[in-house]
Amino acid sequence: MCIRDLLILGMEKLIEYNIDEYTLKAKMLLCDILKVKKEYLIINDMEEVDSFKEQEFFRKIDLLCIEEPIQYIIGKQEFMGLEFNVNKSVLIPQPDTEILVEKVIEIIKKENKEISVLDLCTGSGAIGISIKKLTENTNVVASDISLRALSVARKNAEKLDADVNFIESDLFENIDSKFDIIVSNP
């Protein structure tokens, strides 16, 4: 089956299940499976897709139909212009949390010294890693009670080349340092 036909069938099924943004989501799934950008789908709409990738596309369409978040299906979410891996061990970083990060960055940039930041209940690490990547002279510690969440956060820090220190902790239980800024959006 070609790209165009796959998208049409995928969108029809999403419409049948009343899935919002069905066009965008079908394209996101197919781009993820084919490892291409959205423009590729338009330019190459008559290109044949192998049967394995076709089956994978419809399997993921089915997951959307049972209301699995697309971010968990494709395993990623963009936040502050950075791409974070996500899975069911972490909450999906939300655009409104970017306001919090922007405010913290604004505060850090006003200071003319090294700043220490604690990202409490880090989850995917989106807040702490973004702060580290988008500021200078900032030491970031990120903590979470969940080892699974910390594993996701560590992988994100490694992928994004962010030097963040991670600590397993139930809130402040294992935190013995002082910080200039404590940020959290659990």
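Below, the structure is looked at part by part. (Residues numbered from 1 in each chain as written. Predicted model: local features only at pLDDT ≥ 70, side-chain atom pairs only at ≥ 80, totals over all residues. Heavy atoms only, no water.)

Some words on the overall build of the chain
The following threshold applies: Put simply, DSSP marks the helices as runs of H or I at least four residues long and the strands as runs of E at least two long, and each gets a number from the N terminus on. Relative accessibility thresholds used throughout: buried, under 20% of the residue-type maximum; exposed, over 50%; partly exposed, between the two (1.4 Å probe, protein chains only). The contact criterion used throughout is that any non-hydrogen atoms of two residues lie within 4.5 Å. Computed by Shrake-Rupley with a 1.4 Å probe, the accessible areas treat only the displayed protein chains as cover when residues are assessed.
Looking only at helices and strands, the chain features eight helices and six strands. Helices and strands appear in the chain in the N-to-C order α-α-α-α-α-β-β-α-β-α-β-α-β-β. Taken along the three principal axes of its C-alpha coordinates, the chain extends 60 × 30 × 25 Å. Relative to its full complement of 186 residues, the chain shows a buried share of 44%. Within the chain, contacts between residues separated by at least 24 positions form 63% of all contacts whose residues are at least 6 apart in sequence. Total accessible area on the chain is roughly 10800 Å²; 49% of this is exposed by carbon and sulfur atoms.

A closer look at the nonpolar core
Our working definition: Here, the term nonpolar core denotes a set of buried Ala, Val, Leu, Ile, Met, Phe, Trp, Tyr and Cys residues that are joined through side-chain atoms within 4.5 Å.
V117 and I131 are the most contacted members of the largest nonpolar core, which totals 25 residues. Looking at this core, the elements that each hand over two or more residues are β2 (82-85), α6 (97-110), β3 (115-120), α7 (126-134), β4 (138-144), α8 (147-159), β5 (164-168) and β6 (181-184). For V117, the contacting residues outside a window of four places in its chain are I108, I131, T138, N139, V140, V141, F179, I181 and V183. A26, L29, L64 and I73 belong to the second largest nonpolar core, which has 21 residues in total.

Observations concerning helix α4 (residues 51-65)
Quick note on the threshold: Take the number of residues in a helix, subtract one, and multiply by 1.5 Å to get its expected span. Summarising the geometry, the arc corresponds to the directions from the helix axis toward the C-beta atoms.
An ideal rise of 1.5 Å per residue puts 21 Å on 15 residues; α4 measures up with 21 Å between its terminal C-alpha atoms. Buried residues of α4: E54, F57, K60, I61, L64 and C65, and no others. Projected onto a plane normal to the axis of α4, the buried residues spread over an arc of 150° and lie on a single side. When the buried face of α4 is taken as reference, the exposed residues oriented beyond 90 degrees from it are F52 and Q55. The inward-facing, buried residues of α4 contact α1 (3-16), α2 (22-34) and α5 (70-74).

Points about the side chain of D32
With respect to the element layout, D32 can be found in helix α2. Exposure remark for D32: the relative accessible area of 9% places this residue in the buried category.

Notes on the packing of aromatic side chains
We describe a pair of aromatic rings using the distance from one ring centre to the other and the angle between the two ring planes. Which entries qualify depends on this criterion: Here is the rule: rings of Phe, Tyr and Trp (six-membered ring for Trp) pair when centre to centre is within 6.5 Å. Planes less than 30 degrees apart are stacked, more than 60 are edge-to-face, and the remainder are tilted.
If you walk through the whole model with that rule in mind, you get two aromatic pairs. Note on F57 and F58: the rings are 5.3 Å apart at their centroids and 65° apart in plane angle, and the pair reads as edge-to-face. Judged by centre distance (6.2 Å) and plane angle (75°), the rings of F79 and F84 are edge-to-face. Each member of the pair F79 and F84 is classed as buried.

Overview of the pattern of salt bridges
Defined as follows: For salt bridges, the criterion is a side-chain nitrogen of Lys or Arg within 4 Å of an Asp or Glu carboxyl oxygen.
Within the structure shown, the criterion is met by eleven salt bridges. Among the salt bridges present, the one from K13 reaches D62, with a minimum N-O distance of 2.4 Å. Pair noted here: K13 is in helix α1 and D62 is in helix α4, with a separation of 49 residues, a long-range link. The partner of K88 in a salt bridge is E68, with the nearest N and O atoms 3.5 Å apart. Taken together, the residues K88 in the loop between β2 and α6 and E68 in the loop between α4 and α5 connect sequence positions 20 residues apart. Salt bridges linked by common partners bring D32, E56, R59, K60 and K76 together as one network.

These results come straight from atomic positions and should not be treated as a statement about function.
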